[in-house]
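Below are the chains, spelled out letter by letter.
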Amino acid sequence: AGQLAEQPSDNGSAAAEPSSQPVKTDTQLQRIRQAIGQNFLFRNLDEDQERDVLAAMREVQVQPGEVVIQQGAAGDFFYVIESGEFDIFKRELDASTENQAEDPDNRGKKVHTAGPGGSFGELALMYNAPRAASVVAKGEATLWALDRISFRTILLDHTSRKRRMYETFLLSVPILASLEGYERAKIADALESRTFQSGEQVIQEGESGDEFYIIESGTALVEKSDTGVIGELKRGDYFGELALLNRAPRAATVKAGGQAGDKLRVAALGEKAFTRLLGPVREIMARKAGEMYGLTGAYRS
Ligand code: 1OR
């Protein structure tokens, strides 16, 4: 014991060049589409780009315990998970020999687990940096790997533009202050900006909700049918969390504020991404909801 069970594939023989891949069967194409369907990095590809991505991907079968990515190695592939689960481990750069007994492989701390539809390995390819974490298969798994050149030519532009676009904004949002930089990057991947004209409704009291919003610019009015306007929200404020935290109907109506001609711009986060990406923040939100609205949501118990 104490040795890595597998050769990391980062140092393996498969080169990360866009060597032409065998033509895929319809079943394979279906499987890739299914795997990338939920993944934000593949949103907004046009038909040609999607065809190129599908053609460049290669299937990788992974054994339990296999180290697919070794922290510190050079980046060659980006991976999308078709089936199976992966643990992500991160070690501080100077903490190599601490706790040898507990961490014989010196992988560091488990920071994340990724499953079907998820992806990993984009950081090293985006920033030409060493692998930031190790990725280890929990059981048997199937991956689709995209070589670095295809990743950079097809996916990089969109991904880094989006991360850059939201980076400064998300840094300025108080509720997200406790998150790590990479956690904010994942939120940026999942955000979608929407614009509303003054007076236009974003959410309606009593309806069911499946999105959470952060205000990018402009103001929003919160109102309830019985008491009228109960609050005004501005840049960096958020709303829409209650219905998601408590699985309850929308507790209030939120509409764009300001004068005629003013606009409200929000960044929307879907329910799944909200649950997956805002883990530690959810508790803070639930507590604040209690303070602000006197609500004790199911989540607070
Ligand atoms: P990579 O190319 O550096 C390792 O290879 C991959 O692990 C990395 O890209 C990410 O896709 C993935 N910090 C760094 N990398 C992470 C993290 C992470 N989670 C997944 N990867 N976290 C921050 C820990 C302080 C966890 C955030 C949820």
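Residues numbered from 1 in each chain as written. Predicted model: local features only at pLDDT ≥ 70, side-chain atom pairs only at ≥ 80, totals over all residues.

A.B. asks: Account for the site of the ligand, naming residues and giving values.
C.D. replies: Around the ligand there are 18 residues in total, and Val 111, Phe 120, Leu 123, Ala 124 and Ala 132 lie nearest to it. Ranked by the residues each element gives to the shell around the ligand, the list is headed by helix α3 (residues 122-127), at three residues. A class-by-class count of the residues in the shell around the ligand yields 10 nonpolar, three polar and five charged. Inspection of the shell around the ligand shows a minimum of three residues originating in each of domain 1 (9-156) and domain 2 (172-296). (Near = placed C-beta within 6 Å. Helix = DSSP H or I, 4+ residues; strand = E, 2+ residues; numbered from the N terminus. Nonpolar A, V, L, I, M, F, W, Y, C, P; charged D, E, K, R; others polar. Domains from an automatic or database assignment.)

A.B. asks: Residue-level account of the UniProt feature "domain: Cyclic nucleotide-binding" (unreviewed entry) in the protein, with values.
C.D. replies: Under the local residue numbering, the UniProt record ascribes the feature "domain: Cyclic nucleotide-binding" (unreviewed entry) to residues 41-172 and 175-287. Taken end to end, residues 175-287 is 28% helix and 36% strand, and its two terminal C-alpha atoms sit 12 Å from one another. (UniProt positions renumbered as here; feature names shortened; annotations may be inferred.)

A.B. asks: Please give an account of the sheet that holds strand β11 (residues 211-217) that cites residues and values.
C.D. replies: An order of β9-β16-β11-β14 is seen for the four strands of this open sheet, with the pairing classed as antiparallel. Since the sheet does not close on itself, it has two edges, and those belong to β9 (192-197) and β14 (238-239), each with one partner. Pairing between β9 and strand β16 (residues 263-270): six bridges, direction antiparallel. Across the sheet, the residue bridging to Phe 196 is Leu 264, located in β16. (Pairing = 2+ DSSP bridges.)

A.B. asks: Can you tell me about the packing of helix α4 (residues 148-171) against helix α5 (residues 181-190), naming the residues and giving the values?
C.D. replies: Running from amino to carboxyl end, α4 crosses α5 at an angle of 115 degrees, the nearest separation of the two axes being 8 Å. As for how α4 packs across α5, the hand of that crossing is right-handed. Every residue of α5 that contacts α4 at Thr 159, Lys 162, Arg 163, Tyr 166, Glu 167 and Leu 170 is listed here: Arg 184, Ala 185, Ile 187, Ala 188 and Asp 189. Residue classes in the contact of α4 with α5 are distributed as five nonpolar, one polar and five charged. (Axes fitted to C-alpha atoms, helices over the stretch in contact; angles between N-to-C directions. Left-handed = near helix turned anticlockwise from the far one by under 90°. Contact = placed C-beta atoms within 7 Å.)

A.B. asks: Please give an account of the confidence of the model for the protein that cites residues and values.
C.D. replies: Per-residue pLDDT for the protein has a mean of 88; in total, 90% of the residues score no lower than 70. Between residues 296-301, whose pLDDT stays under 50, and residues either more than four places distant or in other chains, the model counts 14 contacts. For this predicted complex, the interface confidence comes out at an ipTM of 0.90, alongside a pTM of 0.77. (pLDDT = per-residue confidence, 0-100.)

A.B. asks: How would you summarise the pairing of β16 if you had to cite specific residues and measurements?
C.D. replies: When β11 meets β16, the two strands line up antiparallel, connected through six bridges. Pairing of Ser 217 across the sheet is with Arg 265, part of β16.

A.B. asks: Mind laying out helix α1 (residues 26-37), listing which residues take part and the relevant values?
C.D. replies: Taking 1.5 Å per residue as the helical rise, α1 with its 12 residues ought to reach 16 Å, and the 16 Å between its terminal C-alpha atoms agrees with that figure. Turning to α1, its buried residues are Ile 32, Ala 35 and Ile 36. Relative to the axis of α1, the buried residues are bounded by an arc of 90 degrees and lie together on one face. Of the exposed residues in α1, the ones pointing more than 90 degrees away from its buried face are Asp 26, Thr 27, Gln 30, Arg 33, Gln 34 and Gly 37. Next to the buried residues of α1 lie α2 (47-56), β3 (77-83) and β8 (141-147). (Expected span 1.5 Å × (residues − 1). Buried ≥ 20, exposed ≤ 12 C-beta atoms within 10 Å, placed from the backbone. Arc of directions from axis to C-beta.)

A.B. asks: Mind laying out the sheet that holds strand β6 (residues 119-120), listing which residues take part and the relevant values?
C.D. replies: Pairing is antiparallel in the open sheet, where four strands are placed in the order β1-β8-β3-β6. This sheet does not close on itself; its edge strands, each paired only once, are β1 (58-62) and β6. Examined bridge by bridge, β3 and β6 share two bridges and lie antiparallel to one another. Directly across from Val 80, in β6, lies its bridge partner Ser 119.

A.B. asks: How would you explain the environment of Lys 110 if you had to name every residue and give the values?
C.D. replies: Within the element layout of this structure, Lys 110 appears in strand β5 (residues 109-114). Leave out the neighbours within four places in its chain, and Lys 110 touches Asp 87 and Phe 89.

A.B. asks: So what's going on with the nonpolar core? Residues and values would help.
C.D. replies: Residues Tyr 79, Phe 86 and Ala 220 are the most contacted members of the largest nonpolar core, which totals 77 residues. Each of domain 1 (9-156) and domain 2 (172-296) accounts for three or more of the residues forming this core. Those residues in contact with Ala 220 that lie beyond four places of it in its chain are Val 202, Ile 215, Leu 233, Phe 239, Val 254, Lys 255, Ala 256, Gly 257 and Leu 264. (Core = buried A, V, L, I, M, F, W, Y, C linked by C-beta atoms within 7 Å.)

A.B. asks: Can you break down α4 residue by residue, with the values?
C.D. replies: Relative to the 34 Å expected for 24 residues at 1.5 Å per residue, α4 spans just 29 Å between its end C-alpha atoms, considerably shorter than the ideal helical length. Considering bend angle alone, the principal kink of α4 is centred on Leu 155 and spans about 60 degrees. Every buried residue belonging to α4 is among Arg 148, Ser 150, Phe 151, Leu 155, Thr 159, Lys 162, Tyr 166, Phe 169 and Leu 170, and all of these are buried. (Bend = angle between axes of the 7 residues up to and from the residue.)

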